[in-house]
Every structure is written in C-alpha cells, then in structure tokens.
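What the coordinates show
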Amino acid sequence: MPLPKIPTKPATILLAKDYPQAEPGQTPVRAAAKAENDPVEDLISGPAVASKTARARKSKAALLAEAPAREQTPVAAPATLPDPARTDITNKKDGKEEKLRAKLRETDMNESHPAKHKPVEVHVKSSASRKADSTGVTKMFVLDTNVLMHDPTSLFRFEEHDVYLPMMTLEELDNHKKGMSEVARNARQVSRTLDALIANVDDDAIEAGIELAKLGNKDAKGRLFFQTRLNGAALPEGLPSGKADNQILGVVRALEADQSGRAIVLVSKDINMRIKARALGLAAEDYFNDHVLEDTDLLYSGIVQLPDDFWSKHGKGMESWQEIRGGYSSTYYRVTGPLIPTLMVNQFVFMEPKNGEAPLYAQVREINGKTAVLQTLRDYSSNKNNVWGITARNREQNFALNLLMNPEIDFVSLLGQAGTGKTLLALAAGLAQVLETKVYNEIIVTRVTVPVGEDIGFLPGTEEEKMSPWMGAFDDNLEVLMKSDNDGGDWGRAATQDLIRSRIKIKSLNFMRGRTFVNKFLIIDEAQNLTPKQMKTLVTRAGPGTKILCLGNIAQIDTPYLTEGSSGLTYVVDRFKSWSHGGHVTLARGERSRLADFASDVL
C-alpha cells in the first residue's frame, strides 16, 4: 500500500500520550463533555465537581485493580485500536471490560496538554443556587458593577432567572462612564441598554419587573428589577456603610429577608466581594457565562495522532494522487472510515508506527461524511525548505510553518508557552512572503499594551516610537533573522536591515477601528490579553489578500477580569477551528536554550 513520503528529518518530540488519541466510534473530548445528560450548571455543581475530582485522583493502577486479573494489560498503548477478535469477545460479555476501557480512555483524555497552564478555575455554585436548581425554582441574581462593565450583555445571560440591579450599581456605572477606555465604553453601552428597557414603561411596571426579552433577546426569559426603595437590613458592625460594596451586600441581605423562599445570589467578578458575602452567609458566585470553555485542557489543539492500524481500517477503497502547487508536489489520499467524523478541516494528523513503517504527516483538506482527503505536508525541517533561513525544530513547528506558508489559509492562531518559537516562525514566514514571493506587500505588527509591572508613564515620539518599547520580542527575533544572511558583508547586511525595517510597520490597537488592511501580513502578539470584543474588532479589519496571525500563551494573562476560558485567544481558536481557511497549532516544546528549558521545568 503506498504511503506518504518519509521526511528527511522527522521531528519526533512528544510522547504519544501527549496528544488526543483518535479511535473509531469515540466522540471528541469537547463533544463528549457536551453530550452528557447533565446540563451545564450541573457540571459546575458540587456533586459533579466532586465526582470529577475523584475520577482525576483515581490512578490508572487503581482502575486496573478493580478489573479482573485477565484485563490487567498495560495502559500505555492508546495509539492502537483493540484487536477486532478481542473486541467481539468483549462485546459478548456483560460489558464490564468495555466500561473499564472507556473509563481508562476518559482518564487519558482528561490529562493536561504538555504546554503548562495555570490551574483551571473551578466555578462552584453556592448551596442556595444548587438547591434552587434541584427544585426548579427560578433564582434572582444581584449583579455587581464589575460584571456589567466586563460584559455589557450580561443582563441577557441568565436564561429564565431574574436580574436585580441595586441603586449603588447604577451609581458606579455613572461614575465610570467618562473616558475612552474599554470599561467606560462598556458602562455607556449598559446605560443605553437600560434606557431602552425602561422606555415606555410605567412606574408600576418597573416595580413588578421589566421583561428582559423586550429588546429581542429570546434566551432571556426572566425579568429585570431595580432597587426602588431603601433597604432596612443592617450589616455587621465593623463594615463601613458608606462603601459601595457593603451597600450592595446590604441589598442582598434585605432581599433574602423579603423573599425568604427564593434563592438570592450575588454575582461579582471581585474575589474579595465574594469572600465577604460568603463570610456574611450570603450566596455569591463568579460570572462565568462569558467563558468559551469550562476547562482549557479541552481547547482545540489542531493536532491528533492516528492509531497504528489506521491504514488497515481506512485503506479499503483508498484513492491517492499527486498534485503540484506552488512548485511543490503533494500526495493526496482519499480515505473512508469510522474515524473521519471526529476530524476537522485543516487539522493535522500524524502516525509514527514503531514497526519500521513509514510515518505519516498530513493535513485534513476535505471532509464529507465518513470520507476525508488528506494532504501530505512539506518538510520544513529540511534545509532545502528553510523559511528565511529558519527550519522547523520539532513536529509542531513543521505543522505551524505549513499553515503560515499556505496562501489559502487566511487566519492562523499559534498557542504555546514562552520559547516555543511563535514570534520567530511568524516573522520568518512574513519576511519570506513579503520580500521573496511578494504575496503580501507589508508586515503589520500590533499587540495590547498591558504592562507586567508598574507603568512607566507616557512615552515620547510618534505612534511607532511609542510602540517600540512594547516590541522588544520582535526586535530580538529580527536580530536572529538578519544574521542569517552573511554573503553581502556589512554593507549588504545594512541594506537588508533597512529594507526589512521599511516593510514592517508597528501599529497601536487604539487606532484600529475603521481601518481596512489590504494584502497585509498582520501579526497580533500577546493575543491572550485581548477580550473577545477586541479580538472581533481586529479580525474584522482584514481586507482582500490579508492574512492574520494570533500569537499568545493563555497561561500569561495580564488583563484584569480575563481568564483562560474567557480570553479572546481562546474565543477565536474555538470559533475558527472548523473554518476551511483557518488553522491552529498548539506548540508544545520550548526551543530557546537548555537553560530556558531547565528553568521552565524547575522554577
């Protein structure tokens, strides 16, 4: 059976267990989480979290100990599918063995990605909220000001439950509406939304509650209540009554006294506010409806490992042909089998058999039911295929360069920890396609200006000069790329540097609204610090012939109120994963130096 061409320098770095295992009939991890019978709120409730924690703590050895002795087989072979004869015997039994294997697969799939992330935040509901869910009684959510300023549409995110706005929340919205910051814009948007809701409403109707579906938000089936009278609840001594947070806590306590048979829950992004509420015996929760994923370990990685018997199960009736595109010959395979529906367009698949057969590195180009077209990749780890003097050092970098150098891919997102080569690969691909092949006429670099430490104040100069201190990472990578050309001497290198600098423009995010980029190579660095709204503003700037790259590490978020699950980078990775002109790769290994690798492991 014909197999793909063997790369001259295969980049085998990660172990098989570090990637999701594709098996016939197995639902993808994200779909499996959604396919459970429990609703989303049950996934974050106490019992569900407890069971998930218990499952995570239970080791594979403990799971094997519960199985019969004949089933104590090594678990380190998830890359291969079960033998068909063995599967038939197992299916005839009472199903205990199959349940065990499913449990083991679930444990393997729940393991974290090799890229190091921060501990996943578990959003646990309060006991009052869980009790209301079990009885089917609608709840009343009291919103803190920071929730509205973080997500202006949060009023319509509570489904059939009611929303209550204390007068102090409206007062704080008024105090934050001035200015051009994102918080000020959100405060003004909330004020306009509230004005539209109370338009043409009588005073009695305000007291009884305003339907949130009035403006066309059909998912919001609850009502909006305002604080129309002074509450009489007294806070414990020691809490100053003049502070806004304490007044909101007093409103929550008064509501609990007035509506004793209903769950009153305070929703706030302020951790200290929630701590004080819980200390006073009040129900409080974080606002997590803006999260794309509950668990960032389920984030789409763009890579999947095929089982060793992939050809035997999917090679029947296989078609193969070769095409020459851009001066490079690629082999295409049209395969059919049960594994295909779990794949996605532009997803990278690889198979590295241990029996001496040729490995497979391919990209899914088309999917039609249970039939897919796989295209072999160009080997950028070889010096003859270098990109501006840069070659891929591992398998993931080779996948990333295949996306970056493909003109049919308009949107690329690269995720990875520090030192994995995101910026270097993006700049090398941009320079090669701007100065050599002239696919694009300019490189535009931008990033969000969120300082790690204390702000040093205003910066002098023009827009580009103000942005230059934030672009130190690009300057470091440009030095590496400029040193690759030593044939022209000092004069040649100086001319090359001037040419490169003239084709790279550094722009600020503050002036992006209303712009349209035509035939540009746009690089968005540190994209994890962008909100989904800011990300939408940037990506929609693309005109004809423009390619956008989003680079970032969701473990290094500096923007307040943003988490790994609500970051704009997580948002675009999840939304673009099924688009035929978009691609994503999670880089898993640092390539800076042995010192940096050792420091990342031990520090």
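Refer to the structure presented above.
Residues numbered from 1 in each chain as written. Predicted model: local features only at pLDDT ≥ 70, side-chain atom pairs only at ≥ 80, totals over all residues. Heavy atoms only, no water.

This brings us to the overall build of the protein. Of regular secondary structure, the protein possesses 22 helices and 18 strands. Looking at the protein as a whole, 48% of its 603 residues are labelled buried. Approximately 30,100 Å² of the protein is accessible, and the part contributed by carbon and sulfur atoms is 52%. (Helix = DSSP H or I, 4+ residues; strand = E, 2+ residues; numbered from the N terminus. Buried < 20%, exposed > 50% of the residue type's maximum accessible area, 1.4 Å probe, protein only. Areas by Shrake-Rupley, 256 points an atom, 1.4 Å probe, with all protein chains shown as cover.)

Strands sit in the order β15-β14-β16-β17-β13-β18 across an open sheet of 6 strands; the sheet is parallel. Edge positions in the open sheet fall to β15 (504–506) and β18 (582–587), since each of these has one partner strand only. Shown here is a sheet whose adjacent strand axes are inclined to one another by a mean of 15°, direction ignored. The sheet contact formed by strand β13 (residues 411–416) and β18 spans 6 bridges and is parallel. Within β18, the position partnered with Gly-416 by the bridge is Leu-587. With respect to the sheet, helix α15 (residues 395–404) is in contact with β13, β17 (547–552) and β18, its orientation differing from that of β18 by roughly 160°. Along the sheet, helix α21 (residues 568–575) contacts β13, β17 and β18; its crossing angle with β13, the most-contacted strand, is approximately 125°. (Pairing = 2+ DSSP bridges. Axes fitted to C-alpha atoms, helices over the stretch in contact; angles between N-to-C directions. Contact = heavy atoms within 4.5 Å.)

The description of an aromatic ring pair uses the distance of the two centres, along with the angle that the planes make with each other. Per the counting criterion, the structure on display carries 10 aromatic pairs. Seen in terms of ring centroids, Tyr-361 and Phe-399 are 6.5 Å apart; in terms of plane orientation they differ by 55°. Their pairing is tilted. Placement of the pair is Tyr-361 in strand β11 (residues 360–368) and Phe-399 in helix α15, with a sequence separation of 38 residues. You'll find Tyr-361 and Phe-399 in the same group, each marked buried. Taken together, the ring pairs in this structure connect Phe-141, Phe-158 and Tyr-287 into an aromatic cluster. We note Arg-395 situated over the ring of Phe-350; from NZ or CZ to the ring centre the distance is 4.1 Å. (Phe/Tyr/Trp six-rings, centres within 6.5 Å; stacked < 30°, edge-to-face > 60°. Lys NZ or Arg CZ within 6 Å of the ring centre and 35° of its normal.)

On to the pairing of β18, then. By the criterion of burial, β18 is predominantly enclosed, with 6 of the 6 residues buried. Side chains Gly-582, His-584 and Thr-586 of β18 all project onto a buried face; the interleaved residues Gly-583, Val-585 and Leu-587 project onto the opposite face, where all are buried too.

Counted by the stated rule, this structure contains 14 salt bridges. Two residues, Lys-177 and Asp-174, come together in a salt bridge whose shortest N-O distance is 3.0 Å. Residue Lys-177 is classed as partly exposed on the basis of its relative accessible area, which comes to 34%. A salt bridge links Arg-365 to Glu-408; its shortest N-O distance comes to 3.3 Å. Residue Arg-365 is found in strand β11, and its partner Glu-408 is found in the loop between α15 and β13; the two are separated by 43 residues along the sequence. On the basis of relative accessibility, which here comes to 17%, the residue Arg-365 falls in the buried class. Through salt bridges with shared partners, one network takes in Lys-269, Arg-274 and Asp-286. (Salt bridge = Lys/Arg side-chain N within 4 Å of Asp/Glu carboxyl O.)

Our focus in this paragraph is the nonpolar core. Core analysis: the biggest nonpolar cluster contains 39 residues, and Phe-399, Leu-404, Leu-431, Ile-443 and Val-585 have the highest contact counts within it. The set of elements that each furnish at least two residues to this core consists of β10 (348–351), α15, β13, α16 (422–436), β14 (442–447), β16 (520–525), β17 and β18. With residues near it in sequence (within four places) discarded, Ile-443 still touches Gly-430, Leu-431, Val-434, Arg-503, Ile-504, Lys-505, Phe-521 and Ile-523. Within the second largest apolar cluster, 25 residues are counted, among which are Leu-173, Leu-197, Ala-283 and Tyr-287. (Core = buried A, V, L, I, M, F, W, Y, C linked by side-chain atoms within 4.5 Å.)

A packed helix pair is summarised by two numbers, namely the angle formed by the two axes and the spacing between the axes. As a packed pair, α15 and α16 sit with axes 10 Å apart at the nearest point and diverge in direction by 35°. Classified by chirality, the crossing of α16 by α15 is right-handed. Of α16, the residues touching α15 (which contributes Gln-397, Ala-400, Leu-401 and Leu-404) are Leu-425, Ala-426, Ala-429 and Gln-433. Looking at the contact of α15 with α16, its residues break down into 6 nonpolar, 2 polar and no charged. (Left-handed = near helix turned anticlockwise from the far one by under 90°. Nonpolar A, V, L, I, M, F, W, Y, C, P; charged D, E, K, R; others polar.)

Alternating positions in strand β5 (residues 264–267) separate into two faces, Ile-264 and Leu-266 on one and Val-265 and Val-267 on the other, with burial throughout. With 3 bridges joining them, β5 and strand β6 (residues 283–285) adopt parallel strand pairing. Residue pairing across strands places Val-265 opposite Ala-283, the latter belonging to β6.

This part covers helix α13 (residues 271–279). Listed in full, the buried residues belonging to α13 are Met-273, Arg-274 and Ala-277. Relative to the axis of α13, the buried residues are bounded by an arc of 95° and lie together on one face. Turned more than 90 degrees away from the buried face of α13 sit Ile-271, Asn-272, Ile-275 and Ala-279, all of them exposed. Check the buried side of α13 and you find it contacts α12 (244–258), β5 and β6. At the N-terminal end of α13, a side-chain oxygen is found 3.2 Å from the backbone nitrogen of Asn-272, two or three residues along, and the residue is Asp-270. Following α13 by one or two positions, Gly-281 adopts a phi angle in the positive range, close to 80°. (Arc of directions from axis to C-beta. Polar contact = N/O pair within 3.5 Å; in protein donor to acceptor, adjacent residues only side chain to side chain.)

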